Amino acid sequence: MIYLKTEEEINLIKVSAQVLGKAHAEVATWVKPGVTTGKLDAVAEEYIRDNGGIPSFKGFNKFPASLCISVNEVVVHGIPGGYVLKEGDIVSIDCGVKLNGYHSDSAYTYPVGEVSKEVMNLLTATKKSLYKGIEQAVDGLRIGDIGHAVQSYVEDRGYTVVRELVGHGVGRDLHEAPEVPNYGKRGKGIRLREGMVLAIEPMINLGAKAVVQERDGWTIRTNDRKYSAHFEHTVVVRKGKAEILTTFDYIEKVTANTSLMVEVQ
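The structure reproduced in this document is the subject of the present report. (Residues numbered from 1 in each chain as written. Predicted model: local features only at pLDDT ≥ 70, side-chain atom pairs only at ≥ 80, totals over all residues. Heavy atoms only, no water.)

### A word on the overall build of the protein chain
The helix and strand tally for the protein chain stands at five helices and 15 strands. Expected size for 265 residues packed as a compact globule is a radius of gyration near 18 Å; at 17 Å, the protein chain falls within 12% of this value. Dimensions of the protein chain along its principal axes, counting C-alpha atoms only, are 45 × 45 × 40 Å. Out of the 265 residues belonging to the protein chain, those deemed buried represent 55%. (Helix = DSSP H or I, 4+ residues; strand = E, 2+ residues; numbered from the N terminus. Rg over C-alpha atoms; globule rule 2.2 N^0.38 Å. Buried < 20%, exposed > 50% of the residue type's maximum accessible area, 1.4 Å probe, protein only.)

Written as structure tokens, this is what we have:
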């Protein structure tokens, strides 16, 4: 069942999203060669709890950490630990915060030090595709319009869309109906209605679209081991124009004029 959110509920998600955005920014200051993914996870959890929130991911279906940290060919659901970031890596940080009974969810992929132009172009295109999808999160359109916008943008640039993993509704539960694929056909799928809160999250591969799951039961990587990028916002469907509830502003304030910045024209 799809739950339409009241304005009061949307405002509570916005409060959660502000803590989430600032937690991301705290983590961003630590994204550099020589830092372990476990350290990034500890930074996020401390910030979230110090600001009255609960890490949405920790314990969700027994996931052991506060962040999903996915490096290079890992698409999503990477488990933080002893991996040491190195020059030329890319690292996707996916985080959720529960505050006042409501979840928010967002992700950002960073270059670590200097990366190749090919890889930087992947990050830029994936981030841009997120906003292309968000433009379609409008009352009266369809779920397929969101997926089509993401898919057409990235495929026109030679990238591929992961099919097995999708966005989702979000609110009192971390994952709610409906599913929000990053591919689709215009005018197909459920009708979007004002008050739907959706996590839109393109997962885009440099190589082929096929993915595999590692033996830990969580980590999803590309089958060809080429890099994958992931960006995500929580948005609310509105009439005329979607409203973005999460924010990258705090991230981009601390990454401005650094190699971590992923700019979109």
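### Some remarks on the side chain of Thr 255
Tracing the chain through its elements places Thr 255 in helix 5 (residues 249–255). On the basis of relative accessible area, Thr 255 is assigned to the buried category, the value being 0%. Those residues in contact with Thr 255 that sit more than four places away from it in its chain are Ala 28, Tyr 110, Leu 260 and Met 261. (Contact = heavy atoms within 4.5 Å.)

### Side note on the packing of aromatic side chains
Throughout the structure, instances matching the rule amount to five aromatic pairs. Between Tyr 108 and Phe 248, the ring centres sit 4.9 Å apart and the planes meet at 85 degrees, which makes this aromatic pair edge-to-face. Note that Tyr 108 is positioned in strand 5 (residues 102–111) and Phe 248 in the loop between strand 15 (243–244) and helix 5, a separation of 140 residues in sequence. In this pair, the class of Tyr 108 matches that of Phe 248, namely buried. An aromatic cluster is built from Tyr 108, Tyr 110, Phe 231 and Phe 248, whose rings are joined through pairwise contacts. (Phe/Tyr/Trp six-rings, centres within 6.5 Å; stacked < 30°, edge-to-face > 60°.)

### Let's talk about the packing of helix 1 (residues 7–28) against helix 2 (residues 37–50)
At a closest axis distance of 9 Å, the pairing of helix 1 and helix 2 adopts a crossing angle of 145 degrees. Like other packed secondary-structure pairs, helix 1 and helix 2 cross with a definite hand, here right-handed. For the pair helix 1 and helix 2, the contacting residues are Val 19, Lys 22, Ala 23, Glu 26 and Val 27 in the first and Leu 40, Val 43, Ala 44, Tyr 47 and Ile 48 in the second. For the contact of helix 1 with helix 2, the per-class residue count stands at eight nonpolar, no polar and two charged. (Axes fitted to C-alpha atoms, helices over the stretch in contact; angles between N-to-C directions. Left-handed = near helix turned anticlockwise from the far one by under 90°. Nonpolar A, V, L, I, M, F, W, Y, C, P; charged D, E, K, R; others polar.)

### As for the side chain of Lys 127
Residue placement: Lys 127 occurs in helix 3 (residues 117–134). Relative accessible area serves as the criterion here: at 4%, Lys 127 is assigned to the buried category. At 2.4 Å, the side chain of Lys 127 and the side chain of Glu 252 are in polar contact. Those residues in contact with Lys 127 that lie beyond four places of it in its chain are Tyr 108, Phe 231, Phe 248, Glu 252, Val 262 and Val 264. (Polar contact = N/O pair within 3.5 Å; in protein donor to acceptor, adjacent residues only side chain to side chain.)

### Here we look at the sheet that holds strand 11 (residues 211–213)
Pairing between the strands of a sheet comes from backbone hydrogen bonds, and it takes one of two forms, parallel or antiparallel. With antiparallel pairing, the three strands of this open sheet are ordered in space as 3-12-11. A strand with exactly one partner marks an edge of an open sheet, and here the two such strands are strand 3 (74–76) and strand 11. Each neighbouring strand pair of the sheet contributes to a mean axis angle of 40 degrees, computed without reference to strand direction. Sheet topology note: the strand 11/strand 12 (residues 220–222) ladder contains three bridges and is antiparallel. Opposite Val 212, over in strand 12, you have Arg 221 as the bridge partner. (Pairing = 2+ DSSP bridges.)

### Brief notes about the nonpolar core
With 56 residues, the main nonpolar core has Val 31, Leu 40, Val 91, Tyr 110, Leu 198 and Ile 200 as its most contacted residues. At the level of secondary structure, the elements contributing two or more residues to this core comprise helix 1, helix 2, strand 2 (67–71), strand 4 (90–99), strand 5, helix 3, helix 4 (143–155) and strand 9 (197–200). Setting aside its immediate chain neighbours within four residues, Tyr 110 contacts His 24, Ala 28, Val 31, Asp 89, Ile 90, Val 91, Ile 93, Leu 123, Ile 251, Thr 255 and Leu 260. (Core = buried A, V, L, I, M, F, W, Y, C linked by side-chain atoms within 4.5 Å.)

### Some details on the sheet that holds strand 8 (residues 176–180)
Spatial ordering of the open sheet is given by 8-7-9-14-15, a layout of five strands whose pairing is antiparallel. Of all strands in the sheet, those bounded by a partner on one side alone are strand 8 and strand 15. Here strand 14 (residues 233–236) runs beside strand 15; their pairing, made up of two bridges, is antiparallel. Note that in strand 15 the partner of Val 235 across the bridge is Ile 244. On top of the sheet, helix 3 reaches strand 9, strand 14 and strand 15; it is set at about 15 degrees to strand 14, its chief contact. Where helix 4 meets the sheet, its contacts fall on strand 8 and strand 9, and the angle it forms with strand 8 comes to roughly 40 degrees.

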